[in-house]
Every structure is written in structure tokens, then in C-alpha cells.
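Inside the fold
Letter by letter, the chains look like this.
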Amino acid sequence: MLGERKECQKIIRLKSLNANTDIASLARKVVEECKLIHVSKLGEVEQLLYYLQNRRHTPSSRDRIPCFQLIVLSLFQCCCFAEKKEKKPSKPKDPPSFEGMEIDEVANINDIDDYVELLYEDIPEKVRGSALILQLARNPDNLEELLQNETALGALARVLREDWKQSVELATTIIYVFFCFSSFSQFHGLITHYKIGALCMNIIDHELKRYDLWQDELLKKKKAYILCRGSDNQNLKKEYEKAYKKYQGLVIKQEQLLRVALYLLLNLAEDTRTELKMRNKNIVHMLVKTLERENFELLILVTSFLKKLSIFMENKNDMVRMALALTCKCSLVRNVLHRFCNTNQNILYVNLSFDTGLRNKMVQVGLLPKLTTLIGNENHKQIAMCILYHISMDDRFKSMFAYTDCIPQLMKMLFECAEERMEAELISFCINLAANKRNAQLVCEGNGLKMLMKRALKLKDPLLMKMIRNISQHDGPTKNLFIDYVGDLAAQIGQDEEEEFVIECLGTLANLTISDLDWELVLKEYNLVPYLKDRLKPGSAEDDLILEVVIMIGTVSMDDSCAAMLAKSGIIPALIELLNAQQEDDEFVCQIVYVFYQMVFHQATRDVIIKETQAPAYLIDLMHDKNAEIRKVCDNTLDIIAEYDEEWAKKIQSEKFRWHNSQWLEMVENRQMDEAEPFMYGDDGIEPFIHEGDILERPDLFYSADGIIPSDGAISPEFFNDFHVQNGDMVGQHPFTSR
């Protein structure tokens, strides 16, 4: 019986094959059920069956039940082997052979009962019996037969439950047997039935605690010989070295046990309900604790498990509490460049990088420069870029990329990309980096901006234009580079272009607040004023496009001649209409008010706004908006209007007074007439305060020392002479009290 699984082979058991079997019918059945055999090979299958039927079988003393085997090579053997060679492993390797599993004896499925009997003997015999059963279990074709043998499986589960503390080799071997079953989903019910998963978690928890005790004991012995002086020093040193060798041997065996147990749990975690049970038993703590090890295959397995768990928020939060990023520094980060043979670590980091706190820790432990070097590695480029993209979302870390070779690599990838639409991860990462001034300067070095602009205008790529737009927002020499491309950008603004692309072109132009730029010439040459006015109509386009049009108007309004041109075209009433339609959108309101702010600087547009529109009235209404930026722009605009127009200055001053004294005014308005004192307000009855008169014009309502100031508002100076202020209160002798 074959103990090892052969590559690209399928073992078919023919228990019914005997001298009276119909070879032709059996061959057809084999071809129908085995998808690896093409129907054209039916004749060859018949010949093999005929050979097996007529060959001389000489049973050995161990062969009690004849069992014929037909080994059929796949017709695609070479192709399959080539594909397997090229395909990179998507999961950790199966656990290797270990001490206790390697025995000279070859297992036979027919002797399974003998192996089960060994499980009732002492520990060495139990180890031998379980190792022989493991030989059988490692061949997937034997799993069905082992599944039917409840006695064997029950005995294995019992021995593991009772004796796992007595022998690491025994525990490892038996868990390995059940691991072979766990590789197939249809056998997971069997493992659950014998509660192997829960037992494995108890074993892992116990072994991790033992590991801590070993380390403490070893550390004590090391300190003892370091601190000891004299003749005992050498003896203590030898004792430490002996203990260290023993410790290394124990760790190797323990890591074999941990690896096979964790792999079994990883297979069982395919079921999210089972995974939840593991989480409740603190699996994340165990996995993070295991990251302290140096066994790389074990680390691959642990990070694969953590990667799977990190998909769920609760597990990710557990990892945060365990300070995973700092722990990974000891094992994975240190070797990330030299030992990345599997992408599971990177995928784990991708999942964890969604958490802001963990992104901070990744940067703190020095992961940023290491990940930037992986961009050039084709195997890890995409995943590394995803992690870096998440890091670049934080403004605090954008500047750090300027001190790596990340930006030159990204620019090279951008220009080498032959596709019309480049990878989303690449361009998104570039867009984030361009939002930093230093990064933008590095991008524009040489012919960087020229090549970006050329590619963006050729492909009409809105994402690439968004990157250019981010570059254009930075003041200084970088912004001046865009003067050469104003005409190219203005030419893209029209009805025929894609809306997303036009939005980015408008946004780029709106960022160009350059004093030397002749905006009047640009507006006239490309006939932009009618387009801008048409797009101000509510519902004429998407809100994003309309907003960019408003921002663009605010930029060009800094020029005196442009502002006059826009005012004559009737854009100001269109802005007021848009303000009414978008009054709930703070961004729209703020940008429209900013346009008014720019226009009141110029005499021609200031007169139009003050005398021909109701813009000042809208600004007064917005003086007390809940948005601080809107209030700030409104106040600045109204201050300029008040400086040039006395009538509006009084209205603005009155409104500010009402706002600052609103509580007092409200109290006066709500004051009730006291019927016992009809003379208080004269003989003319109660006059409406607000509806028919201005409350600020009623001096008879102002309080005096006696309750009310005389209606003429005149108070003699002697009234205040007998009083002085103490802690904000008037104190002194009342003029009407006797002395």
C-alpha cells in the first residue's frame, strides 16, 4: 500500500475485481467516474484491468484481505506539474515529518486493528501505533476507510485526551492524524464529534504557558552565572549551557505541536460559527503570543490565521488590544525583506491598516521604508501599495514618503503603464501623495509635470487629472509651473467632454491664484463666461461640477476686469438663485459668499452688488450661521460693504446689535403688562413693540434706578453721583431715602 500521495496520480480501489468481472463494463465505469481519464484511453484502461485480473497474486503473511489497486496517470500530468510549479502557494505548507513520526516500518491499511491495539499499551507503543496510523492518514485515499473505523478514531481521541501531557510526540502525532481529516471540509463533522478543536486550544494554551516558564527558568540560570564570582561561575555557566540546549530541543518539539494544532484549527475556521467559538476561547491572544517565536514556517501559519481573523472587526479590535504591530516588530518586520515567501503577512497588514491606531504603530516600528522597497517586487507590489495607500491617507505621514525612494518608483510605474486606465491602487496612492507640498515638488522635478499633463490630456483620465489638481494647490514655484498649461486646461472645459474630467480641469484652474495670470484673456479666448453662467443654474449638472464652477468664478473674480465682465453677464443674480437652492449645503454657501467677498473689492462689481442685488441682505442673514467659516467670510464681506455704503452700514450695525443683545430684547418683548400700574406706559395703551415700531426707538423701555428711565431719556448727572460701582453692581444711597 502506498504511504505517500503521488503527484498527479489518482488511486482507484477495485474491490469487486475478480476472475468473473466484466472487464469492458468496469473499464467504462472507471472512465465515467474518473474525470482525469479521457474517453479515448478506454482501450488502455481495459488492458490494465485485464492485466490485474490475470496477474498472479502472492499474498504476504500480512495481506488478509486482497485489495487490488489501479494507479492511473493523468493525461495532463505534464501540464498539471508545470502549473503547480508556477502557481505560488496561497496557504502555508503542510507540517513536515518530525521525530516520532519517522519509523522504519511501513504501514498497511489491513493491519489497522494491530495499530489500534498498540494504543492501549505504554507511551512508546502508543507513539508507534499512532505514527503508523498517521502514515495511513497522510494518504487521502485511506481517509474514507479510516472514517469507517470508529474504534480507531475513538481510541486516538481518548489517548490524546488522557495522555497529551505525558508525551509531546504522542500529542503531535495524533493531532496530525486529525489534521489530515481537517484538510477536507466533509470530515469536519468528525473532528467536531470528538471535540478535537477544543482540546487543541487547551493544548496550545498550556504549551504557551510552559514556554513562558521555560524562559523564566533559563533567564534565572543565566543571571545566576553572570552575577556569580569565583569558582562556582564555571559550574553555573555549564549548567546554563546544558539547560539552554535542553530548552532548544523542547522548543523545537513544542513548535511542531503548535504548528499542527494551529493548522487544524485554521482548517476548522472555515465555518464562521466555529471561528466565533475560537474567538470566545481567546484564539487571537494565543496567535499573537506565538508571534514571538523564530520558526518562520510557524510564523507563516500564524499570520495566515490572523489574516483570516482580521476580516472581522471584533478580531481586529482584539489584535489592537494585543498591540500586534509592536509584537510583529520582533519577528516579521525584522525579516520582511529577506524572508517574504508568502503574501499572508502582507494581506494581514492590509486588513489591519484600516485601523487608524494600527497604522500609527506600523509607521512607528519602521514599516514604511520597508514597504516602499517592496513596490519594486512584482510579487508583493499590489499588496504593499494597498498598505501604503492607507498610510498615506493620514496627513501626518504624507511627508515621510519624501524621504524614501517611493515617489521616483511611482512615477516610473505611471509612465510605463501602457494601459489607458492604470491600476486603481497606483493612481489612488499617487493622488494622496500629491496632496503634500514636498511630495508635489518631487513629482514635478525634471519633466514630471509635463509628462503627467501630456498623458492626462491624451487619455482624458480624470484620476490622473485629480493628481495634477492636488499638485496645483500648493503655493510657491510648483504653482507657477502651471502657467504654461492654462490654455490646455481651459480648452477641455466644454459640453462635449466627460463631466468627471471637466471637474478636475476646473478644479486645477481654480487653484491657480497667480497674480501674473491674465484671466480676462483666458475667459475671452476660450469663451468660458457663457459656460460658467449656464452651469450655475440649479439642476443643470451634477453638484460637484456646479461647485467647481463657483470656485472657478471666485478665483477669476480676483481680477478687476474679470469681475466686471462677470457682473455684466448677469452671474451675480444666478449666484443668488443658486444660493437659495443650495442653502443647506455649507460648501456651496461658503464658496458663493467668497465670490461676493472677491467682487466687493472692485468698484464696478461692488456697486452692482450693493445697489442692484439683494446680496447684502443674504449676507446679513448668514452672519450668524452655525458654520464658522461662513460667518468669517460674511463678516469680512459685510465690513467692506459697510465701509462704502452708509445705509447698509446702519442695517448691519443694527443687526449686530440685535444679535449681541438678543436675550435682553427677547425679555423686553415678552414682558407682560402689569394691570396694577397702567400709568407705567402712559395713557395711550400698549403699543406693539416689534410689529408696528422698532423696539430700539423706545427709550421709555430702558431701565432706570427706579425701574424706568424718563421718556425723554434725560437723566441729571446728580443721579449717578450718589452711586459707585463695586463688583459690577451699583452701590450707594438711594436719592429718595432719608438721611
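Before reading on, note that the structure itself is shown above.
Along each chain, residue indices are assigned from 1 in the same order as the chain's sequence is written. Under the rules for a predicted model, residues below a pLDDT of 70 receive no local features and side-chain atom pairs below 80 are neither given nor counted, while totals for whole chains, interfaces and linings still include all residues. Computation of side-chain values covers all heavy atoms of the structure but excludes hydrogens and water.

**What to know about the overall build of the chain**
To keep it simple, the criterion reads: Each helix is a run of DSSP H or I of at least 4 residues and each strand a run of E of at least 2, with the numbering of both proceeding from the N terminus. Throughout, exposure labels follow a simple rule: accessible area from a 1.4 Å probe, protein chains only, divided by the maximum for the residue type, with under 20% read as buried, over 50% as exposed, and the rest as partly exposed. Contacts are residue-level and defined by heavy atoms, with any inter-residue pair within 4.5 Å sufficient. Accessible surface area values rest on a Shrake-Rupley calculation with a 1.4 Å probe, where residue burial reflects the displayed protein chains alone.
The secondary structure content of the chain amounts to 41 helices and four strands. Counting over 739 residues, the chain shows a buried share of 46%. When contacts within the chain are restricted to residue pairs at least 6 apart in sequence, long-range pairs at least 24 apart make up 70% of them. For the chain, the accessible area works out to roughly 40,100 Å², and carbon and sulfur atoms hold 50% of it.

**Topic: the packing of aromatic side chains**
For the record, the criterion: Ring pairs shown here join Phe, Tyr and Trp side chains whose ring centres sit within 6.5 Å, with only the six-membered ring taken for Trp; geometry is labelled stacked below 30 degrees between planes, edge-to-face above 60, and tilted in between. Charges are assigned to positions over rings by a cutoff of 6 Å between ring centre and Lys NZ or Arg CZ, combined with an angular limit of 35 degrees from the ring normal.
Under the counting rule described, the total for this entry stands at eleven aromatic pairs. A centroid spacing of 5.0 Å and a plane angle of 85° characterise the contact between Tyr597 and Phe601, whose relative ring orientation is edge-to-face. Ring-pair connections join several aromatic residues into one group, and the members of that group are Tyr211, Tyr240, Tyr244 and Tyr247. Note that Arg606 overlies the ring of Tyr644, its terminal NZ or CZ placed 3.6 Å from the centroid.

**Considerations on the pattern of salt bridges**
Note the cut-off: The salt bridge criterion pairs a side-chain nitrogen of Lys or Arg with a carboxyl oxygen of Asp or Glu, the two atoms within 4 Å.
Scanning the model with the defined rule gives 22 salt bridges in all. A salt bridge links Lys209 to Asp205, with the nearest nitrogen and oxygen atoms 3.4 Å apart. A residue pair is termed a helical-turn pair when its members lie 3 or 4 positions apart in one helix, as Lys209 and Asp205 do in helix α10 (residues 196-227) at four residues. Between Arg396 and Asp394 there is a salt bridge; the shortest N-O distance is 2.7 Å.

**Observations regarding the environment of Asn267**
Under the convention used in this document: N or O atoms closer than or at 3.5 Å make up a polar contact, with two conditions inside protein: a donor-capable atom paired with an acceptor-capable one, and, for residues adjacent in sequence, both atoms drawn from side chains.
Summarising the element assignment, Asn267 is placed in helix α11 (residues 232-268). Judged by its relative accessible area of 9%, Asn267 is buried. Non-local contacts of Asn267, meaning those with residues more than four positions away in its chain, are made with Phe179, Ser182, Ser183 and His188. Only 3.0 Å separates the side chain of Asn267 from the side chain of Ser182, close enough to count as a polar contact.

**Re the packing of helix α5 (residues 123-137) against helix α7 (residues 150-163)**
When two helices pack together, their arrangement is given by the angle between their axes and by how far apart the axes lie. As a reminder, the rule being used: Fitting a line to C-alpha atoms yields each axis, with helices limited to the stretch in contact; the angle taken between N-to-C directions then spans 0 to 180 degrees. Note that the term roughly parallel is reserved for angles under 35 degrees, roughly antiparallel for angles over 145, roughly perpendicular for angles of 65 to 115, and oblique for everything else. What makes a crossing left-handed is the near helix being turned counterclockwise from the far one by less than a right angle; a clockwise turn instead makes it right-handed. Under the scheme applied, nonpolar residues are Ala, Val, Leu, Ile, Met, Phe, Trp, Tyr, Cys and Pro; charged residues are Asp, Glu, Lys and Arg; polar residues are all the others, including Gly.
Between α5 and α7, the least distance of the axes is 12 Å, while the angle of their chain directions is 140°. As summarised for this structure, α5 and α7 are arranged oblique, according to the angle between their axes. Considering the relative orientation of α5 and α7, their crossing is left-handed. On α7, the residues that touch Ile123, Lys126, Ser130 and Ile133 of α5 are Leu156, Val159 and Asp163. Of the residues in the contact of α5 with α7, the class split is four nonpolar, one polar and two charged.

**A few points about the packing of helix α34 (residues 571-581) against helix α35 (residues 586-599)**
Look at α34 against α35: their axes get within 10 Å of each other, and the N-to-C directions meet at 155°. Of the possible angle classes, the one that applies to α34 and α35 is roughly antiparallel. The crossing of α34 and α35 is left-handed. Listed contacts from α35 to Ile572, Leu575, Ile576, Leu578 and Leu579 of α34 are Phe588, Val589, Ile592, Val595, Phe596 and Met599. Of the residues that constitute the contact of α34 with α35, the class distribution is eleven nonpolar, no polar and no charged.

**What to know about the nonpolar core**
For clarity, the threshold we go by: The nonpolar core is taken to be a set of buried Ala, Val, Leu, Ile, Met, Phe, Trp, Tyr and Cys residues, with the residues joined through side-chain atoms within 4.5 Å.
In terms of nonpolar packing, the biggest core is built from 190 residues, with Leu264, Leu265, Ile283 and Met467 touching the most fellow members. At eleven residues, the largest contribution of residues to this core is made by helix α8 (residues 168-182). Apart from residues no more than four positions distant in its own chain, Met467 is found in contact with Met411, Leu414, Ile427, Cys430, Ile431, Ala434, Val443 and Leu452. Membership of the second largest hydrophobic core comes to 13 residues, among which are Val31, Cys34, Val45 and Leu52.

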